[in-house]
Amino acid sequence: MIMYSDIVIDHFMSPRNAHTMPDADAEGSVGDPSCGDCLVIYIKVKDDRIHDISYLVFGCCGAIASSSMTSELAKGKTLEEALAITEDDVVLALGGLPESKIHCSLMGVGALRKAIGNYYEQAQRKEIIHETSYTR
Ligand code: FES
């Protein structure tokens, strides 16, 4: 039987920030082919900071709790600080994960990094469009 920490159970039973975000500034998704679980993270950015974050997750207890904890760790952080969040940070904040569930923590961090990457790409594209229209 897999034993989870009380924190994991709490985030699994009451996931934080679990909803879609139609007006998100960016999003990032990951899927784990080994188990079929998937996660999409949405972010809203204000003054280079993660102003709001949410996600939709399909997966196991570890995936749900890790997504929830990743969103809590990233909320309010600058993009640079959020990019520095590691799988170990998530596992530690969850009070540990069983060895067979460590890979679940990769999903939250992976999707968060993709969402931030997506935000930078969009910002760069907007800048190019702005410069192009300005020089015409
Ligand atoms: Fe695959 Fe949890 S078992 S993410």
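Notes on the structure in this doc start here. These numbers were taken from a predicted model, which means no experiment stands behind them.

### Considering the overall build of the protein chain
Helices and strands together make up the secondary structure of the protein chain, namely 5 helices and 3 strands. Counting from the amino terminus, helix and strand elements in the protein chain follow one another as α-β-β-β-α-α-α-α. Counting the 136 residues in the protein chain, one finds 39% classified as buried. Contacts in the protein chain between residues at least 24 apart in sequence constitute 61% of all its contacts with a sequence separation of at least 6. Of the accessible surface of the protein chain, which amounts to about 7,700 Å², a share of 55% is contributed by carbon and sulfur atoms. On the protein chain, the mean spot of the 12 positive side-chain charges and the mean spot of the 20 negative ones are 5 Å from each other.

### Section: the nonpolar core
Core analysis: the biggest nonpolar cluster contains 31 residues, and Ile41, Ile43, Ile50 and Leu112 have the highest contact counts within it. Of all the secondary-structure elements, those providing two or more residues to this core are strand 1 (26-32), strand 2 (37-46), strand 3 (49-58), helix 2 (61-74), helix 3 (79-83), helix 4 (87-93) and helix 5 (104-135). The element contributing the most residues to this core is helix 5, with 8 residues. Residue contacts for Ile50: discarding those within four places in its chain leaves Ile43, Lys44, Ala74, Lys75, Gly76, Lys77, Leu79, Ala82, Leu112 and Ile116.

### Observations concerning the pairing of strand 3
Note: strand 2 against strand 3, 9 bridges, orientation antiparallel. By the bridge assignment for strand 3, Lys46 is matched with Arg49. Between the end of strand 2 and the start of strand 3, which pair antiparallel, lie 2 residues, with Asp47 showing a positive phi angle near 50 degrees.

### Observations concerning the side chain of Ser5
Note that Ser5 resides in the segment before helix 1 (6-13). For Ser5, the residues in contact, after removing those within four places along its chain, are Leu94, Gly95 and Gly96.

### Remarks on helix 2
If you check helix 2, its first and last C-alpha atoms are 20 Å apart, about what 14 residues at 1.5 Å a residue would give, namely 20 Å. By the criterion of burial, helix 2 is predominantly enclosed, with 12 of the 14 residues buried. All of the buried residues in helix 2 are Cys61, Gly62, Ala63, Ile64, Ala65, Ser66, Ser67, Ser68, Met69, Thr70, Ser71 and Ala74. Taken from the residues just after helix 2, Gly76 is the one with a positive phi, measuring 85 degrees.

About the cut-offs
- Residues numbered from 1 in each chain as written.
- Predicted model: local features only at pLDDT ≥ 70, side-chain atom pairs only at ≥ 80, totals over all residues.
- Heavy atoms only, no water.
- Helix = DSSP H or I, 4+ residues; strand = E, 2+ residues; numbered from the N terminus.
- Buried < 20%, exposed > 50% of the residue type's maximum accessible area, 1.4 Å probe, protein only.
- Contact = heavy atoms within 4.5 Å.
- Areas by Shrake-Rupley, 256 points an atom, 1.4 Å probe, with all protein chains shown as cover.
- Lys, Arg positive; Asp, Glu negative; His and termini not counted.
- Charge placed at Lys NZ, Arg CZ, Asp CG, Glu CD.
- Core = buried A, V, L, I, M, F, W, Y, C linked by side-chain atoms within 4.5 Å.
- Pairing = 2+ DSSP bridges.
- Expected span 1.5 Å × (residues − 1).

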